Amino acid sequence: DAMVIQNPRYQVTQFGKPVTLSCSQTLNHNVMYWYQQKSSQAPKLLFHYYDKDFNNEADTPDNFQSRRPNTSFCFLDIRSPGLGDAAMYLCATSRANSRLNFGAGTRLSVL
Amino acid sequence: KNEVEQSPQNLTAQEGEFITINCSYSVGISALHWLQQHPGGGIVSLFMLSSGKKKHGRLIATINIQEKHSSLHITASHPRDSAVYICAVRSNSNYGGSQGNLIFGKGTKLSVKP
């Protein structure tokens, strides 16, 4: 059974139209991460939550926001997607400093 | 220079061959991860190492902390092992952004032919 679930698997949006990607987990892990991965590149950390504490990477664009309403759910909001934001978005969870559990990812296309 | 270097970048093997993928890093770490990513798919965590050696099925991972080097071995390789294998280290300092951020290698693309 999938333990880190990302919805949707594929998302198509229009240039500038806000979009929200979701991630849920059944592992009760306290840390949740959002990564962006472009073709043939390594995943790039956008931000992570350690419990309720939000940690934003210095180079994450302001266009990207996140919400974690409870332990199980985490959302990635892209306020005004640009063509350069088309990528695979990966959610991951872990207990502090332990192995990461990744979701299957959401592939975002921007038209 | 990348802080995490993997070799080779691409690897083609025949089914049944013994495969080794190498990872060298230049920062102090608290742990090293080996990850597997299939085409178009999510990432699966294979191992997390801080010392020594771990084995799971046909996969073996080793790490030498003094030499800052890790290897991933696949015995009796199979076409279903075809994937990108990624080495990532968790820094033990406030390196590259938030503390404990994973630093990823560029991956090794493995193709196992039947």
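Residues numbered from 1 in each chain as written. Chains lettered and ligands numbered in written order. Predicted model: local features only at pLDDT ≥ 70, side-chain atom pairs only at ≥ 80, totals over all residues. Heavy atoms only, no water.

(A) View of the pairing of strand E7 (residues 59–64) of chain B. Residues and elements named next belong to chain B. Note that strand E6 (residues 52–56) and E7 share five bridges and pair antiparallel. If you follow Lys54 over to E7, its bridge partner there is Ala61. Relative to strand E8 (residues 69–74), E7 runs antiparallel, the two sharing six bridges. Note that in E8 the partner of Ile63 across the bridge is Ser70. Taking the residues that link successive antiparallel strands as the turn, the E7-E8 hairpin has four residues, and the phi of Lys68 there is positive, at about 55°. (Pairing = 2+ DSSP bridges. Helix = DSSP H or I, 4+ residues; strand = E, 2+ residues; numbered from the N terminus.)

(B) Spotlight on unusual backbone geometry. The omega angle of the peptide bond from Asn7(A) to Pro8(A) is -10°, so this bond is cis rather than trans. In this fold, Pro8(A) is placed in the loop between strand E1 (4–7) and strand E2 (10–13). Cis geometry marks the peptide bond from Ser7(B) to Pro8(B), where omega comes out at -10°. Relative to the assigned elements, Pro8(B) resides in the loop between strand E1 (4–7) and strand E2 (10–14). Unusually for a residue other than glycine, Asp51(A) sits at a positive phi of about 55°. With respect to the element layout, Asp51(A) can be found in the loop between strand E5 (44–50) and strand E6 (53–56). The phi torsion at Lys68(B) lies on the positive side, around 55°, for a residue other than glycine. Its place among the elements puts Lys68(B) in the loop between E7 and E8. Under the relative-accessibility criterion, Lys68(B) is labelled partly exposed at 31%. (Buried < 20%, exposed > 50% of the residue type's maximum accessible area, 1.4 Å probe, protein only.)

(C) Region of the structure containing the sheet that holds E8(B). Residue and element names in this part refer to chain B. Taken in spatial order, the five strands make up an open sheet running E1-E3-E8-E7-E6, and their pairing is antiparallel. Each end of this open sheet is capped by a strand with a single partner; those strands are E1 and E6. The sheet shows a mean angle of 15° between the axes of neighbouring strands, taken without regard to direction. The sheet contact formed by E1 and strand E3 (residues 19–25) spans four bridges and is antiparallel. The residue of E3 that forms the bridge with Gln6 is Cys23. (Axes fitted to C-alpha atoms, helices over the stretch in contact; angles between N-to-C directions.)

(D) Layout of the sheet that holds strand E7 (residues 64–70) of chain A. All names here are of chain A. Read across the open sheet, the four strands follow the order E1-E3-E8-E7; overall the sheet is antiparallel. Looking at the sheet topology across the chains shown, the edges are occupied by E1 and E7. When the angles between neighbouring strand axes are averaged without regard to direction, this sheet yields 20°.

(E) The arrangement of the pattern of salt bridges in detail. One pass over the structure, following the stated rule, counts three salt bridges over all chains. With a shortest N-O distance of 3.4 Å, Lys44(A) and Asp59(A) are connected by a salt bridge. Here the residue Lys44(A) occupies a position in strand E5, and Asp59(A) occupies one in the loop between E6 and E7, the gap between them amounting to 15 residues. The exposure class assigned to Lys44(A) is partly exposed, which follows from its relative accessible area of 30%. Classification of Asp59(A) by relative accessible area gives exposed; the value is 52%. Note that Asp81(B) is salt-bridged to Arg58(B), the shortest N-O span being 2.9 Å. With Asp81(B) in the loop between E8 and strand E9 (83–91) and Arg58(B) in the loop between E6 and E7, the pair connects residues that are 23 residues apart, well separated along the chain. For Arg58(B), a relative accessible area of 26% puts it in the partly exposed group. (Salt bridge = Lys/Arg side-chain N within 4 Å of Asp/Glu carboxyl O.)

(F) Main features of the interface of chain B and chain A. At the junction of the two partners, chain B supplies 19 residues and chain A supplies 19 residues. Looking at the side of chain B facing chain A, the largest losses of area belong to Ile43(B), Arg90(B) and Phe104(B), adding up to 32% of the total buried there. Taken together, the links from chain B to chain A amount to zero salt bridges. Across the chain B-chain A interface, the total number found is four residue pairs in polar contact (both at pLDDT 80 or more). Listed by contribution, the elements that provide at least two residues to the side of chain B that touches chain A are strand E4 (29–37), strand E5 (43–49) and strand E10 (102–104) of chain B. The greatest single-element share of the side of chain B that touches chain A, amounting to five residues, is contributed by E5(B). Looking at the side of chain B that touches chain A residue by residue, the classes come out as seven nonpolar, eleven polar and one charged. (Contact = heavy atoms within 4.5 Å. Buried area = accessible area lost by both parts, 1.4 Å probe. Polar contact = N/O pair within 3.5 Å; in protein donor to acceptor, adjacent residues only side chain to side chain. Nonpolar A, V, L, I, M, F, W, Y, C, P; charged D, E, K, R; others polar.)

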